[in-house]
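Structural overview for review
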Amino acid sequence: MRKIRTAVVGLNMGLAHANAYALSEKSDLRYVVDLDEHRARSLAAELVCEPETDWRRVLPEVDAISFATPHHLHAPMALEAIRAGKHVLMEKPLALSEAECAELIREAEAHGVVLMVAYIVRYRPEVQLLKQIVDSGQYGRPFNANCWVESYLRPAPESWFAKRATLGGGVLFSHGCHYIDLLTWLLGKPIQVAGLGTRLGTEWMEGEGTHHSILKFESGALAHQITSWGLKVNCKPALLHVHTPDACLVLNGGKLEVVTGEGRQLLYEPPGDRNPKAGALNQIEHFLDCIATGSKPLTDGMVGLESQRVIWSIYDQERAAATVH
Ligand SMILES: NC(=O)c1ccc[n+]([C@@H]2O[C@H](COP(=O)([O-])OP(=O)(O)OC[C@H]3O[C@@H](n4cnc5c(N)ncnc54)[C@H](O)[C@@H]3O)[C@@H](O)[C@H]2O)c1
């Protein structure tokens, strides 16, 4: 099979994409791109590819491109790449508005290219196993889930992630979107939502830096999610409890456990010899397989839009929420 020629634009989170493309047998990593020339040059030297500062220049030379750039650049960059016939892997969230997401989905279809959102959490082995167990019904149907996303972001008041216009909202939109996506993947379609956010503790952000949301699903199940960038303990990745009539499935720090009346059992833990550069490999290989086979990504543009619709409904509900007298 011919290797897929790839490039990565934006080399902070994009570093994980570039490392994975460099590791994958299915990819020929051609370019790493960043406005910061030094960053591009040093990574290119390490991964044996070309550095570039102007992302448009690499378009004619590649088949597929990952964007890990500030959120307000997602739609214009992806649109241009799609219209040039390139497959696009977009860091989450897909874009800033319903209209932008819809246009990207339409254009990708019209140009016959793959559009995938980098909801990397879904591609972790422990999360895939959790999904299999939930779907198998072996412990019964989930009725409650609690998710804590506790992290700390160094205050950066001048950055794009401090501003609503460039971030697209607050921490729920930017980081919580992974876990809204995960909860809907595990529990189905939400039918009612509520939420409250605060800037207290993260006053450098225009949007909320701490958020609580509650979701009710078609099945009747409830979920509660806490997301924050202001906590001085950094407990990524998230802690998630999924409760069923017979068990509690616990996701924590890459491990999956089940707690039943008989005790606690480890179902998955990351191998000790795990390659630290392979964190995004499953996700990248899925993207490359979809390109090679023409199949739909697990986290395609529509999945990205649906999770954002849930977040926008939470924000709408929050604006309309009653105050206490
Ligand atoms: N999956 C995750 O857990 C995770 C974690 C962090 C960030 N992200 C996502 O990754 C994306 C980027 O976030 P980040 O934290 O890496 O941001 P960042 O601001 O730290 O890094 C963005 C990089 O893009 C470069 N850049 C900006 N505009 C560019 C342009 N026009 N051409 C080339 N390079 C350009 C910048 O120089 C910078 O190096 C966002 O979508 C964010 O939500 C995902």
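For every chain, the first residue of the written sequence is number 1, and numbering continues from 1 along that sequence. In keeping with the model being predicted, local features are shown solely for residues with a pLDDT of at least 70 and side-chain atom pairs are shown and tallied solely at 80 or more, while totals for entire chains, interfaces and linings include all residues. Note that the side-chain values use all heavy atoms of the structure and ignore hydrogens as well as water.

**Examining unusual backbone geometry**
Cis geometry is found at the peptide bond from Lys92 to Pro93, where omega equals -20°. By the secondary structure assignment, Pro93 is in the loop between strand 5 (87-91) and helix 4 (98-111). Despite not being glycine, Val48 has its phi angle at roughly 55°, a positive value. Counting from the N terminus, the helices are DSSP H or I runs at least four residues long and the strands are E runs at least two residues long. With respect to the element layout, Val48 can be found in the loop between helix 2 (37-47) and strand 3 (50-52).

**With respect to the UniProt feature "domain: GFO/IDH/MocA-like oxidoreductase" (unreviewed entry) in the protein chain**
UniProt positions are given in the numbering used here, feature names are shortened, and annotations may be inferred rather than shown by experiment. As recorded in UniProt, the sites labelled "domain: GFO/IDH/MocA-like oxidoreductase" (unreviewed entry) are residues 127-231. Between the end C-alpha atoms of residues 127-231 there is a gap of 24 Å, over a span that is 30% helix and 30% strand.

**Some words on the state of the cysteines**
A pair of sulfur atoms, both from cysteines and within 2.5 Å, is called a disulfide here. Per the counting criterion, the structure on display carries 0 disulfides. Just so you know, Cys177 is unpaired, no disulfide at all, and the nearest cysteine sulfur is the one on Cys101, 11 Å from it. Looking at Cys248, it has no disulfide partner, and the nearest cysteine sulfur is the one in Cys147, 12 Å off.

**Section: the packing of aromatic side chains**
Think of it this way: a Phe, Tyr or Trp ring, Trp meaning its six-membered ring, pairs with another when their centres are within 6.5 Å, and the plane angle makes it stacked under 30 degrees, edge-to-face over 60, tilted otherwise. Going through the model one piece at a time under the given rule, you end up with 4 aromatic pairs. Ring geometry for Phe161 against Trp204: centres 6.2 Å apart, planes inclined by 85°, an arrangement best described as edge-to-face. With a gap of 43 residues between them, Phe161 in the loop between strand 7 (144-150) and helix 6 (164-167) and Trp204 in the loop between strand 8 (190-198) and strand 9 (210-217) connect regions that are remote in the sequence. The cut-offs for exposure are 20% and 50% of the maximum accessible area for each residue type, with area from a 1.4 Å probe on protein chains only; residues under the lower value are buried, those over the upper are exposed, and the others partly exposed. Among the residues examined, Phe161 registers a relative accessible area of 22% and is labelled partly exposed. For Trp204, a relative accessible area of 14% puts it in the buried group. Ring geometry for Phe173 versus Trp312: centroids 6.4 Å apart, planes at 25°, classification stacked. Taken as a pair, Phe173 in helix 7 (residues 171-187) and Trp312 in helix 9 (residues 301-320) lie far apart in primary sequence, 139 residues in all. We classify Phe173 as buried; its relative accessible area is 0%. A connected cluster of aromatic rings, assembled from ring pairs, spans Trp160, Phe161 and Trp204.

**Concerning the site of the ligand**
Distances are taken per atom, and a residue is near a molecule or strand as soon as one of its heavy atoms is within 4 Å of it. In the neighbourhood of the ligand, 19 residues make up the surrounding shell, with Asn12, Asp34, Arg39, His71 and Trp160 lying closest. Residue Asp34 places a side-chain N or O atom 2.6 Å away from an oxygen atom belonging to the ligand. Per-residue accessibility takes into account occlusion by the displayed protein chains alone, with areas from the Shrake-Rupley method and a 1.4 Å probe. Protein coverage of the free-state accessible area of the ligand, which is 850 Å², stands at 79%. No other element matches helix 3 (residues 71-83), which puts 4 residues into the shell around the ligand. Here the residues of the shell around the ligand are counted per class, giving 9 nonpolar, 6 polar and 4 charged. The definition of a polar contact used here is a pair of N or O atoms within 3.5 Å, where within protein one atom must be able to donate a hydrogen and the other to accept one, and adjacent residues in sequence count solely through side-chain atom pairs. Side-chain classes follow a simple rule in which Ala, Val, Leu, Ile, Met, Phe, Trp, Tyr, Cys and Pro form the nonpolar group, Asp, Glu, Lys and Arg form the charged group, and the remainder, Gly included, forms the polar group.

**A look at the sheet that holds strand 9**
For two strands to be treated as a pair, DSSP must find at least two bridges joining them. Spatial ordering of the open sheet is given by 8-9-10-7-11-12-13-14, a layout of 8 strands whose pairing is mixed. Two strands lie at the open edges of the sheet, namely strand 8 and strand 14 (263-268), each paired on one side alone. Ignoring strand direction, the axes of neighbouring strands in this sheet form an average angle of 15°. With 7 bridges connecting them, strand 9 and strand 10 (residues 222-228) associate as antiparallel partners. Residue pairing in the sheet places Thr210 in a bridge with Ser228 of strand 10. Helix 5 (residues 125-136) rests against strand 11 (239-243), strand 12 (248-252), strand 13 (255-260) and strand 14 of the sheet, and its axis sits at about 170° to strand 12. Sitting on the sheet, helix 7 touches strand 7, strand 8, strand 9, strand 10 and strand 11, and the angle it makes with strand 10 is about 155°. Between N-to-C directions, angles span 0 to 180 degrees; the directions come from axes that are lines fitted to C-alpha atoms, helices contributing only their stretch in contact. By definition, residues are in contact when any of their heavy atoms lie within 4.5 Å.

**Looking at the sheet that holds strand 6 (residues 115-118)**
A sheet is described by the order of its strands in space; here 6 strands give the open sequence 3-2-1-4-5-6, paired in parallel fashion. In the strand order of this sheet, the two ends are held by strand 3 and strand 6, each with one partner. Neighbour-to-neighbour, the strand axes of this sheet turn through a mean angle of 20°, independent of strand direction. Taken together, the 3 bridges between strand 2 (residues 27-33) and strand 3 define a ladder with parallel strand orientation. Residue pairing across strands places Tyr31 opposite Glu50, the latter belonging to strand 3.

**Quick notes on the side chain of Asp63**
Looking at the element boundaries, Asp63 is found in the loop between strand 3 and strand 4 (64-67). For Asp63, a relative accessible area of 15% puts it in the buried group. A distance of 2.7 Å separates a polar side-chain atom of Asp63 from the backbone nitrogen of Arg5. Residues in contact with Asp63, not counting those within four places in the same chain, are Arg2, Lys3, Ile4, Arg5, Lys86 and His87.

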